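Chain by chain, the residues run as shown.
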Amino acid sequence: MKAIIVDDERLARNELKRLLENFPHIEVIAEASNTDEAAALLETMQPDVLFLDIQMPGKTGFEWLESWDGYLPEVIFTTAFDEYALKAFEVNALDYVLKPIELSRLSESIQKLDKRQIRQASSVATPNHVLGAQDQIFVKDGERCWFVRLDRVRLCESMGNYVRLFFDDQKPLVLKSLNALEERLDPKVFFRANRKHIINLNYIDKIEPWFSGGLQVTLSGKGEKIEISRRQSIRFKELLSL
């Protein structure tokens, strides 16, 4: 899981990063010293968890959270003041950790985070439930496991009885047919380009005419080029036209 730390004190950010090294599945991908910086990072990086200080220059963590209407992951407040605990849970924070942060207390927060992620993955795994872009799925390939939001998956490729998922720099295989996966995905976001590929429409970077009346799209990220068959090109144009 990806984390962002928001705290105006550099030493506090460094100490929390050091403590989080005890949890290998948590990766600190960015830091911010105020809520303005945090807002820009959230929209571009979309982490799984935000460690948010309360007392900072400008807006407090509470003021910013109450006014923020963009992408928001799980929030764990970190603060030296205990009088804000009740308000933290009123704004649906996952947890509230007092500074100086102790490893045992941080471990409790991470356990809550892990359980929340597992419950979310389980809740979307019911049969016939269509998965939206913000839903999370559990992926296991060999000894490696991921919790992945579907908005990070740019491409699904059929490999016989398996499907290869392309997200970030990862390409794990899952034991599921492309047809079965297509039935679970939101058709407004994921489009069946051809017999082998489903593409995330939000990742289309370029569209070009292709052979026999088809189209070729280039995906942002790693630049994969995927052919949209002639028959699917008609559906594609209808789906995206005014």
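Analysis parameters
- Residues numbered from 1 in each chain as written.
- Predicted model: local features only at pLDDT ≥ 70, side-chain atom pairs only at ≥ 80, totals over all residues.
- Heavy atoms only, no water.
- UniProt positions renumbered as here; feature names shortened; annotations may be inferred.
- Helix = DSSP H or I, 4+ residues; strand = E, 2+ residues; numbered from the N terminus.
- Buried < 20%, exposed > 50% of the residue type's maximum accessible area, 1.4 Å probe, protein only.
- Contact = heavy atoms within 4.5 Å.
- Core = buried A, V, L, I, M, F, W, Y, C linked by side-chain atoms within 4.5 Å.
- Arc of directions from axis to C-beta.
- Pairing = 2+ DSSP bridges.
- Axes fitted to C-alpha atoms, helices over the stretch in contact; angles between N-to-C directions.

Participant: Mind laying out the UniProt feature "modified residue: 4-aspartylphosphate" (unreviewed entry) in the protein, listing which residues take part and the relevant values?
Facilitator: Per the UniProt annotation, the sites labelled "modified residue: 4-aspartylphosphate" (unreviewed entry) are Asp53. Here Asp53 is to be found in strand E3 (residues 49-53). For Asp53, a relative accessible area of 4% puts it in the buried group. Aside from chain neighbours lying at most four places away, what touches Asp53 is Val6, Asp7, Asp8, Gly61, Thr78, Thr79 and Lys99.

Participant: Tell me what's going on with the nonpolar core, and back it up with residues and numbers.
Facilitator: In terms of nonpolar packing, the biggest core is built from 20 residues, with Val6, Leu50, Leu52, Trp64, Val75 and Phe77 touching the most fellow members. Elements that contribute at least two residues to this core include exactly strand E1 (2-6), strand E2 (27-32), helix H2 (35-45), E3, helix H3 (61-67) and strand E4 (74-79). Here the element with the most residues in this core is H2; it accounts for four residues. Ignoring anything within four residues of it in the chain, the contact list for Leu50 reads Ile4, Val6, Leu42, Trp64, Pro73, Glu74, Val75 and Ile76. Within the second largest apolar cluster, 19 residues are counted, among which are Val153, Val163, Leu178 and Phe190.

Participant: Requested: an account of helix H7 (residues 230-240), with residues and values cited.
Facilitator: Those residues of H7 lying buried are Gln232, Ser233 and Phe236. Projected down its long axis, H7 shows its buried positions confined to an angular sector of 110 degrees, all on one face. Among the exposed residues of H7, those oriented more than 90 degrees off its buried face are Arg230, Arg231 and Glu238. The elements touched by buried residues of H7 are strand E11 (190-192), strand E13 (204-209), strand E14 (215-219) and strand E15 (225-228).

Participant: Go over the sheet that holds E13 with me, naming the residues and quoting the values.
Facilitator: Pairing within the open sheet is antiparallel, and its three strands lie in the order E13-E14-E15. Two strands bound the open sheet, and with one partner strand each, they are E13 and E15. When strand polarity is set aside, the average angle formed by the axes of neighbouring strands in this sheet is 25 degrees. In this structure, E14 lies alongside E15, joined through four bridges in antiparallel fashion. Bridge pairing in E15 places Val217 opposite Ile226. With respect to the sheet, H7 is in contact with E13, E14 and E15, its orientation differing from that of E15 by roughly 95 degrees.

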